[in-house]
Amino acid sequence: MSIITLVGAGQMASALTFPLAENGHEVRLVGSPLDDGVIDRLRKDHYHVNLLRTLHKEISYYKDAERSAALQGAELVVCGVSSFGVDWFGEEVLPKIARDVPVISVTKGMLDLEDGTMLTYPEYWKSRLPEGEGPEIYAIGGPCTARDLADHDPSFVGFCGPDMAVLRWIRSLFATDYYIISLTTDVVGLECAVALKNGYALGTALAIGMAEKAGDDGVNHNNSEAALFQESVIEMLRLLRVVGGGTEHIMYAAGDLNVTVAAGRSRTVGLLLGKGMPMEEIKEQLKGQTLEAVVIATRTARAVRALAKAGTVKESDFPLLLHVDALLNRGAKLNIPWKEFQKEM
């Protein structure tokens, strides 16, 4: 039995308590500064008000003010904050974790630098720690929705990090007959693949909104959604090559794209844009919700434009991404550039 502390009581981190608890580990779930209400309810009856599931009764719950106690003796720390909590985790949590305690993050996303460099969160966190200090950082990527994982739906993901032996140990903590885990030391490949899918899920969902706007017009509109899906995959593959990630990780991007288009906030934003709603109205309608797809699409498009200016890529290779960015940030009207998807290979 190992002691595992999860920091951030969001849906995904909370869902990860299921395989951990069922494997017999001591599981401690720590809320972020925004999670006090969630922790209060969990302490009452183990019910998670956002995940809408009851967690195992063996789990211990801590508020952020009690985080030091929750980290005491932990053999693995899981980062479960949203992408908006990345700086908080790097400043407030990572420096307090012993160097010999690995950290694995389920937070998806990346940052873009002024020259177009796309930086994964593990890379960003390590860059902010003094050289030679702080724990080694691992990460989880792949198609896995929190509620399906909590309900034991077979889920196939990837774990990545610098040391394969440590990865095998971490996998042994989580692996069950329904939580299937591949391993890779290609952090850039896996993390960029699963980060990119949020913006492209928004782009693929444009077709869903367009179909809803059309109403019962006698057309299924499956072709248009599939066209956006496959254009998303080729653009993500091009970006994987740009960052130097292994192209086999496109499977995680495609799988994650599939589940994200099926449900969630990324789908909702794309659907509303596809129905013709301006982005300002969408932000007002979804006020208070974390719109990670908007952030990642904006960052990725900004990186592509910087790389194009440097001559590293061609903007014409990313027509869907740049149209999504124009819808989100430039007041553009919906006008999917279908013919720009045509290729000669």
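Residues numbered from 1 in each chain as written. Predicted model: local features only at pLDDT ≥ 70, side-chain atom pairs only at ≥ 80, totals over all residues. Heavy atoms only, no water.

## A word on the overall build of the chain
Logical step 1: From N to C terminus, the chain includes 15 helices and 12 strands.
Logical step 2: In terms of C-alpha radius of gyration, the chain reaches 20 Å, essentially the compact-globule figure of 20 Å for 345 residues.
Logical step 3: Along the first, second and third principal axes, the C-alpha atoms of the chain reach 60 × 45 × 35 Å.
Logical step 4: For the chain, the residues scored as buried account for 55% of the 345 residues in total.
Logical step 5: About 15,200 Å² of surface is accessible on the chain, with carbon and sulfur atoms providing 49% of the total.
Logical step 6: Where the 34 positive side-chain charges of the chain centre and where its 45 negative ones centre are 3 Å apart. (Helix = DSSP H or I, 4+ residues; strand = E, 2+ residues; numbered from the N terminus. Rg over C-alpha atoms; globule rule 2.2 N^0.38 Å. Buried < 20%, exposed > 50% of the residue type's maximum accessible area, 1.4 Å probe, protein only. Areas by Shrake-Rupley, 256 points an atom, 1.4 Å probe, with all protein chains shown as cover. Lys, Arg positive; Asp, Glu negative; His and termini not counted. Charge placed at Lys NZ, Arg CZ, Asp CG, Glu CD.)

## Focus on the sheet that holds strand S11 (residues 155–160)
Logical step 1: Pairing is mixed in the open sheet, where 8 strands are placed in the order S5-S2-S1-S6-S7-S10-S11-S12. Taken across any chain shown, the strands that pair with only one partner, and hence form the sheet edges, are strand S5 (60–62) and strand S12 (179–184). Averaged over all adjacent pairs, the angle separating strand axes in this sheet is 25 degrees, with direction ignored.
Logical step 2: One ladder, built from 3 bridges, connects strand S6 (residues 76–79) with strand S7 (residues 103–105); its direction is parallel. Following the sheet pairing, Cys 79 is matched in S7 by Ser 105. (Pairing = 2+ DSSP bridges. Axes fitted to C-alpha atoms, helices over the stretch in contact; angles between N-to-C directions.)

## Examining the packing of aromatic side chains
Logical step 1: Considering all chains together, one arrives at 7 aromatic pairs under this definition.
Logical step 2: Taken together, the aromatic side chains of Phe 89, Tyr 121 and Trp 125 make up a single cluster linked through ring pairs. (Phe/Tyr/Trp six-rings, centres within 6.5 Å; stacked < 30°, edge-to-face > 60°.)

## Here's the deal with the pairing of S12
Logical step 1: Of the pairings in the sheet, the one linking S11 to S12 comprises 6 bridges and is parallel in character. Across the sheet, Cys 160 pairs through a bridge with Thr 184, a residue of S12.
Logical step 2: Regarding the hand of the β-α-β motif, the stretch spanning S11, helix H7 (residues 164–174) and S12 is right-handed. (Right-handed = clockwise from strand over helix to strand, strands pointing away.)

## Quick notes on the pairing of S6
Along any regular strand, the residues point their side chains to alternate faces of the sheet.
Logical step 1: Taking every second residue as pointing to the same face, both faces of S6 are buried, with Leu 76 and Val 78 on one and Val 77 and Cys 79 on the other.
Logical step 2: Sheet topology note: the strand S1 (residues 3–7)/S6 ladder contains 4 bridges and is parallel. Bridge pairing links Thr 5 to Val 77 in S6.
Logical step 3: Between the parallel elements S6 and S7, the chain passes through helix H4 (residues 86–93) in a crossover that is right-handed.

## Remarks on the pattern of salt bridges
Any two side chains of opposite charge can pair, given that their charged atoms come close.
Logical step 1: Within the structure shown, the criterion is met by 17 salt bridges.
Logical step 2: For Arg 53, the salt bridge goes to Asp 151, with nearest N and O atoms at 2.8 Å. One end of the pair, Arg 53, is in strand S4 (residues 53–54); the other, Asp 151, is in the loop between helix H6 (146–150) and S11, and 98 residues separate them in sequence.
Logical step 3: Residue classification places Arg 53 among the partly exposed positions, given a relative accessible area of 25%.
Logical step 4: Asp 151 sits in the partly exposed class, given a relative accessible area of 43%.
Logical step 5: Connected through salt bridges with shared partners, the residues Asp 87, Glu 91 and Arg 128 form a single ionic network. (Salt bridge = Lys/Arg side-chain N within 4 Å of Asp/Glu carboxyl O.)

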